[in-house]
Structure formats: structure tokens, C-alpha cells
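What the coordinates show
The residues making up each chain are set out below.
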Amino acid sequence: MTKPRVAIYPGSFDPLTLGHEDIARRCLHFLDRLIIAVAHHPTQEKDRLFSVDERVEMIEERFRDESRIEVTEFSGLLVDFAKSRDASLVIRGLRAVSDFEYEFQMALMNRELWPEFEVVFMTPAADYTFLSASLVREISGLGGDVSRFVSASVLKRLQARSRS
Ligand code: ADP
């Protein structure tokens, strides 16, 4: 039997945007299973809008209909998490050239740490190439309309957060 094709899609997902969702659903065209892994960085948690648990919950909510997607959190090195799940394939999104330098450097460094490590770079639908979670946080925090950039369930959480 051939080994199932499993990949990890790591990120902050603070919050999950339609750009993230687009990438995750595209991956399923060539994967058997995708593990969306919310990175937990204890030192950066104070700068976050949603807790790791809330982020995991909002992603699970969105992909409840998709049994091939698992949502979890991880802390520490991505390569250690990937090894623990026996998944050497990682998915990253590339929106613009500005993403490239950082992603290229990270991919090569991770391969230094684990030679089997491979990254697949994905481009989203053109409508989402300008979209980032940090912009969504900023616009929403200033009272702007982000309904075109996130799902209805994420929007509800953002609105509740700006009211509190
Ligand atoms: P960001 O805060 O920039 O959205 P994340 O850490 O949540 O970053 O992103 C996780 C991964 O998803 C990264 O590889 C990032 O490049 C990718 N990504 C984020 N937004 C998009 C988008 N709109 N289109 C494609 N990929 C994206």
C-alpha cells in the first residue's frame, strides 16, 4: 500500500482568512490529509488577537465538513512537530515577492535541520493575494468592514472582540 500523502500547513491564523481557506482547500487536490497547525509562541501571545485555543476552534468550525483536514496546535520547532507527525511536507502560501525572501530562507534553514523537509509553495486565488491576517486585524480593530476577507463565523468573532 502506498503511504498517504500528508502535509502540514503551519501559521498563526490570527484570524483564519479566506486566503488561508483557499490554500487549504487547494491542497486537498493532491493530498490525502492536511494538518493545519496553529503555531504557539508563548513570547508573542500578548500581541495576538485570539488565543491559540480560539484559533484552533475557528478553523475547526470552518472545516467541519472536511474529514481530510485536522486542526491542531504546536510549539517549538516546526521540524520537530513535522517529525513527530511523520510528515516531511509543509505547505506555505506565497502572496507576493515580499513573502519570498523570508519563506526561501526558512525553507532552506528547515532543510538544514531535517534533510527530508520539503516545502510546497502555493498561490491563492488572485482576489486574495493582497490579504493578510494582520491587515484584517488592523482594519477590523479600526471599525472597517472585513466581511469580504473572512468567513461569517470568523467575522462574528472579530465583531465580538472589537465590542469587548
Ligand atoms: P499572515 O498573518 O501573514 O496571514 P499566517 O502565519 O497566518 O500569516 O500564514 C500562514 C501561511 O498562510 C503562510 O504561509 C502565509 O504565507 C499563508 N497565507 C496567509 N494569507 C494568505 C493569502 N491571502 N494567500 C495565500 N497564502 C496566505
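Not measured: the values here are computed from a predicted model.

Regarding the site of the ligand
Around the ligand there are 16 residues in total, and Tyr-9, Ser-12, Phe-13, Gly-93 and Tyr-128 lie nearest to it. A distance of 2.9 Å separates an oxygen atom of the ligand from a polar atom in the backbone of Ser-12. Tyr-128 places a main-chain nitrogen or oxygen 2.8 Å from a nitrogen atom of the ligand. In isolation the ligand offers 530 Å² of accessible surface; the protein chains occlude 91% of this area.

Observations concerning the packing of aromatic side chains
Taken as a whole and judged by the stated rule, the model has 4 aromatic pairs. Their ring planes at 80 degrees and their centres at 5.2 Å tell us that Tyr-9 and Phe-13 sit as a pair that is edge-to-face. Judged by its relative accessible area of 5%, Tyr-9 is buried. Under the relative-accessibility criterion, Phe-13 is labelled buried at 2%. Ring plane angle 20 degrees and centroid distance 5.1 Å describe the contact between Phe-100 and Phe-104, whose orientation is recorded as stacked. Here Phe-100 pairs with Phe-104, and both are found in helix H4 (residues 97-113), just 4 residues apart, close to one helical turn. Relative accessible area serves as the criterion here: at 41%, Phe-100 is assigned to the partly exposed category.

Digging into the sheet that holds strand S1 (residues 6-11)
Reading across from one edge, S3-S2-S1-S4-S5 is the order of the 5 strands in this open sheet, with parallel pairing throughout. Both outer strands of the open sheet, strand S3 (69-75) and strand S5 (118-122), are each paired with one neighbouring strand and no more. In this sheet, adjacent strand axes meet at a mean angle of 30 degrees when their direction is disregarded. For S1 and strand S4 (residues 89-93), the ladder comprises 2 bridges, and the chain directions are parallel. Across the sheet, residue Ile-8 finds its bridge partner in S4, namely Val-90. Against the sheet, H4 engages S4 and S5, with an angle of about 160 degrees to S5.

Some remarks on the side chain of Ser-151
Within the fold, Ser-151 resides in the loop between helix H5 (133-141) and helix H6 (152-163). If near-sequence neighbours (up to four positions away) are discounted, Ser-151 is found in contact with Leu-18, Glu-21 and Arg-62.

Notes on the nonpolar core
Ranked by internal contacts, the top residues of the largest apolar core, which has 30 residues, are Tyr-9, Leu-34, Ile-36, Ile-59, Ile-69 and Ile-91. Elements with a contribution of two residues or more to this core: S1, helix H1 (18-27), strand S2 (33-40), helix H2 (52-62), S3 and H6. Looking at this core, the element that brings in the most residues is H2, giving 4 residues. Dropping the residues within four chain positions of it, Tyr-9 is found in contact with His-20, Ile-23, Ala-24, Leu-34, Ile-35, Ile-36, Ala-37 and Ile-91. The next biggest cluster of nonpolar side chains, apart from the first, holds 14 residues, and it includes Phe-74, Leu-78, Phe-81 and Ala-87.

Re the side chain of Arg-48
As for its position among the elements, Arg-48 is in the loop between S2 and H2. The residues touching Arg-48, leaving out its near neighbours within four places in the chain, are Ser-12, Asp-14, His-41 and Arg-55.

Here's the deal with the pattern of salt bridges
This structure, assessed with the given rule, holds 15 salt bridges. Between Arg-62 and Glu-21 there is a salt bridge whose closest N-O contact spans 3.0 Å. Of the two residues, Arg-62 is situated in helix H2 and Glu-21 in helix H1; the sequence distance between them amounts to 41 residues. Among the salt bridges present, the one from Arg-157 reaches Glu-57, with a minimum N-O distance of 3.0 Å. Of this pair, Arg-157 sits in helix H6 while Glu-57 sits in helix H2; the two residues are 100 residues apart in sequence, bridging distant segments of the chain.

Basis of the calculations
Residues numbered from 1 in each chain as written. Predicted model: local features only at pLDDT ≥ 70, side-chain atom pairs only at ≥ 80, totals over all residues. Heavy atoms only, no water. Near = heavy atom within 4 Å. Polar contact = N/O pair within 3.5 Å; in protein donor to acceptor, adjacent residues only side chain to side chain. Areas by Shrake-Rupley, 256 points an atom, 1.4 Å probe, with all protein chains shown as cover. Phe/Tyr/Trp six-rings, centres within 6.5 Å; stacked < 30°, edge-to-face > 60°. Buried < 20%, exposed > 50% of the residue type's maximum accessible area, 1.4 Å probe, protein only. Helix = DSSP H or I, 4+ residues; strand = E, 2+ residues; numbered from the N terminus. Pairing = 2+ DSSP bridges. Axes fitted to C-alpha atoms, helices over the stretch in contact; angles between N-to-C directions. Contact = heavy atoms within 4.5 Å. Core = buried A, V, L, I, M, F, W, Y, C linked by side-chain atoms within 4.5 Å. Salt bridge = Lys/Arg side-chain N within 4 Å of Asp/Glu carboxyl O.

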